[in-house]
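Analysis of the macromolecular model
The primary structure of each chain is shown beneath.
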Amino acid sequence: MKKFEFSLAHMRDYRERLLDEEKGKLLRLRGEQNAIEQHIFRLENEFSQTSFDMQRAQAKGTTIIEIRQFSAQLDNIRMQIQELEAALKKAVERVEKQTGVVLAANQEVSKLDKLFERQLEDYRYMANKAEEDRVDEFVAQNLIRAAVGE
């Protein structure tokens, strides 16, 4: 009997390559999301530090110009955080969408894997059946030889 060959092997390889590409995209998108989250975290820390510096300067006694500078700096940080939060929201949406694409691609590969297993099982069944038939034929020939030889 000929060697087992999965009839959709090329399709399965193609789907696996697509899955790998989609996983790569997902990793890049998650990296972008993490970078935005880290930038927001740094800005929040900068905001806290600037606010603390402003309070300390006020407690020591400072000029109105310095207080306005602190206020402008805090406003600037707030705006940057708001912009980054909007970008983070979009990044999260892209990650969720790409996760769905990866899941769908993974399902396609899984379907082909199951089909491979079924075809392999059928092949093994047919190979066993062929072997049984060959053994039966051999036994029948030996019985015929033995009967003729009597």
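Throughout what follows, the structure given in this document is the object of discussion. (Residues numbered from 1 in each chain as written. Predicted model: local features only at pLDDT ≥ 70, side-chain atom pairs only at ≥ 80, totals over all residues. Heavy atoms only, no water.)

**Description of the overall build of the chain**
Counting its secondary structure elements, the chain contains 2 helices and 0 strands. Against the 2.2 N^0.38 benchmark of 15 Å for 150 residues, the chain shows a C-alpha radius of gyration of 35 Å, more extended than a compact globule. If one aligns the C-alpha atoms of the chain with their principal axes, the spans along those axes are about 125 × 25 × 15 Å. Of all 150 residues assigned to the chain, the portion counted as buried reaches 18%. For the chain, the share of sequence-separated contacts (at least 6 apart) that also reach a separation of at least 24 residues comes to 86%. Surface summary for the chain: the accessible area is close to 11700 Å², and the carbon and sulfur share equals 54%. (Helix = DSSP H or I, 4+ residues; strand = E, 2+ residues; numbered from the N terminus. Rg over C-alpha atoms; globule rule 2.2 N^0.38 Å. Buried < 20%, exposed > 50% of the residue type's maximum accessible area, 1.4 Å probe, protein only. Contact = heavy atoms within 4.5 Å. Areas by Shrake-Rupley, 256 points an atom, 1.4 Å probe, with all protein chains shown as cover.)

**Some remarks on the environment of Phe41**
Note on placement: Phe41 falls in helix α1 (residues 9-60). Since its relative accessible area comes to 52%, Phe41 is described here as exposed. Placed 40 residues apart in sequence, Phe41 and Ile81 show a C-alpha to C-alpha distance of 9.0 Å.

**Description of a nonpolar patch on the surface**
Taken together, the side chains of Val135, Phe138, Val139 and Leu143 make up a nonpolar region of the molecular surface, amounting to roughly 370 Å² of accessible area. Inspection of the secondary structure assignment puts Val135 in helix α2 (residues 64-149). (Patch = residues over 30% accessible without salt bridge, like charges linked within 9 Å, V, L, I, M, F, W, Y side chains within 5 Å. Salt bridge = Lys/Arg side-chain N within 4 Å of Asp/Glu carboxyl O.)

**A look at the nonpolar core**
Judged by nonpolar contacts, Ile36, Ile40, Leu43, Ile77, Ile81, Leu84, Leu88 and Ala91 together constitute the single largest core of 8 residues. Counting residues per element, the ones that place at least two in this core are α1 and α2. With 5 residues, α2 is the single largest residue contributor to this core. (Core = buried A, V, L, I, M, F, W, Y, C linked by side-chain atoms within 4.5 Å.)

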